[in-house]
Amino acid sequence: MAHTATTHPAPGRTAPSAASKVPGVDGWFWLVKVLTTGMGETLSDFLAKTFDPVLAVAAAGLLLAVTLVVQLRTRRCVPGLYWAVVVMVSVFGTMVADVAHVALGVPYALSAGSLAVALAALFLLWHRVEGSLAIDRVTGLRRELFYWAAVLLTFALGTALGDLTAATLHLGYLVAALGFAVLIAIPAVASQARWVGPVAGFWWAYVLTRPLGASFADWLGVGADRGGIGLGTGPVSLALAVLMAVALALSARAHRARAAGLSAH
């Protein structure tokens, strides 16, 4: 994957270009990303068990379509809107993955392998058409469509990997979460050592935030019979939503302070 000096290290700190529709990548970005993945996992389970599953999936798909259309029609990066789309991708993607496994009987290993191939093919096409996978270059409708297609596939792949390790390999949610926490640190170390480019490091970390956040959220939410501590998917979803709102508010304040400091100089 080609990269330039303006691309994002993972999980480094950098500001988006003026026209990019994706927020700048810093510690707040990764914190909010993990919180959205966890909330998407538990909220999808809560909705599917509280309401009719078909209606829940249809409603989640509709909300995803609406938020994505609004995101595509905006001319600048709006962090709240961007993360709303990510949340809906997480919720809807989890529901679709559950349907594929539970209703259609697709093994997690097969779905993970297929999704990895699909994501690699998308990256190759995106790079061939646009010349870069850097998210500070998500400008214009075509690039943004490539970006959101990649986001959707990374969530689906991350869901399959999380379920594969926790359920199929019988590692349990907590062990799986700790394992992904170790794996997600690899891009940061490799990027600092210049073993991988910042773009490859970013997408590696982006994929792994999904099973990391989802595994921790499942461990908190599900009962002891499934290897969790049984706080409930509803309360965990609410707690994660509150934490995400607080993190977004603190991130906005930090960015304003940084901008004020730069303007003062």
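Structure's up top.
Caption draft 1: Inspection of the overall build of the protein at higher detail. A tally of regular secondary structure across the protein gives 8 helices and 0 strands. Taken over C-alpha atoms, the radius of gyration comes to 18 Å for the protein, in line with the 18 Å a tight globule of 265 residues would show. Expressed along its principal axes, the backbone C-alpha trace of the protein runs to roughly 55 × 35 × 35 Å. The proportion of buried residues among the 265 residues of the protein is 44%. Of the contacts made within the protein by residues no fewer than 6 positions apart, 74% connect residues no fewer than 24 positions apart.

Caption draft 2: Structural context of the packing of helix H5 (residues 141-168) against helix H6 (residues 173-192). Orientation of H5 relative to H6, taken along the N-to-C sense of each, is 130 degrees, at an axis distance of 8 Å. By the angle class used here, H5 and H6 are oblique. In this structure, the crossing between H5 and H6 has a hand that is right-handed. Within the contact between the two elements, H5 uses Leu161, Gly162, Thr165 and Ala166 and H6 uses Tyr173, Ala176 and Phe180.

Caption draft 3: Expanded view of the environment of Arg75. Position of Arg75 among the secondary structure elements: in the loop between helix H2 (53-73) and helix H3 (79-103). The spacing of Arg75 and Gly140 is 65 residues in sequence and 8.8 Å in space, taken between C-alpha atoms.

Caption draft 4: The nonpolar core, seen in detail. If you look at the biggest cluster of nonpolar residues, it comprises 58 residues, and the most contacted ones within it are Phe29, Tyr82, Tyr147, Trp203 and Tyr206. Residue contributions to this core peak at 11 residues, all from H5. Beyond its immediate sequence surroundings of up to four residues, Tyr82 is in contact with Lys21, Val22, Pro23, Phe29, Gln71, Tyr147, Trp148 and Tyr206.

Caption draft 5: Inspection of the pattern of salt bridges at higher detail. Using the criterion set out here, one finds 4 salt bridges in the structure. Arg210 is paired through a salt bridge with Glu41; the nearest N and O atoms lie 3.0 Å apart. Remark: Glu41 occurs in helix H1 (residues 27-50) and Arg210 occurs in helix H7 (residues 198-221); sequence separation between them is 169 residues. Taking the shortest distance from any N to any O, the salt bridge between Arg142 and Glu130 comes out at 2.6 Å. Highlighted residues: Arg142 in helix H5 and Glu130 in helix H4 (residues 108-130), separated in sequence by 12 residues.

Cut-offs and rules
Just so you know, the residues in each chain are numbered from 1, in the order the chain's sequence is written. In keeping with the predicted nature of the model, local features appear solely for residues at pLDDT of at least 70, side-chain atom pairs appear and are counted solely at 80 or more, and the whole-chain, interface and lining totals rest on all residues. Heavy atoms throughout the structure, all of them, feed into the side-chain values; hydrogens and water do not. A run of H or I in DSSP counts as a helix once it spans at least four residues, and a run of E counts as a strand once it spans at least two, with each numbered from the N terminus. With the radius of gyration taken over C-alpha atoms, the globule rule is written as 2.2 Å times the number of residues to the power 0.38. Buried, partly exposed and exposed residues are distinguished by accessible area as a fraction of the type maximum, computed with a 1.4 Å probe on protein chains only: under 20%, between the cut-offs, and over 50%, respectively. Contacts are assigned to residue pairs that have any heavy atoms within 4.5 Å of one another. Axis definition: a line fitted to C-alpha atoms, limited for helices to the stretch in contact. Angles are taken between N-to-C directions and run from 0 to 180 degrees. For classification purposes, angles smaller than 35 degrees are called roughly parallel, those larger than 145 roughly antiparallel, those between 65 and 115 roughly perpendicular, and all remaining angles oblique. By definition, any crossing whose near helix is turned counterclockwise from its far helix by less than a right angle is left-handed, and any crossing with a clockwise turn is right-handed. Among the buried residues, those of types Ala, Val, Leu, Ile, Met, Phe, Trp, Tyr and Cys that are joined through side-chain atoms within 4.5 Å form a nonpolar core. Whenever a carboxyl oxygen of Asp or Glu lies within 4 Å of a side-chain nitrogen of Lys or Arg, that contact is scored as a salt bridge.

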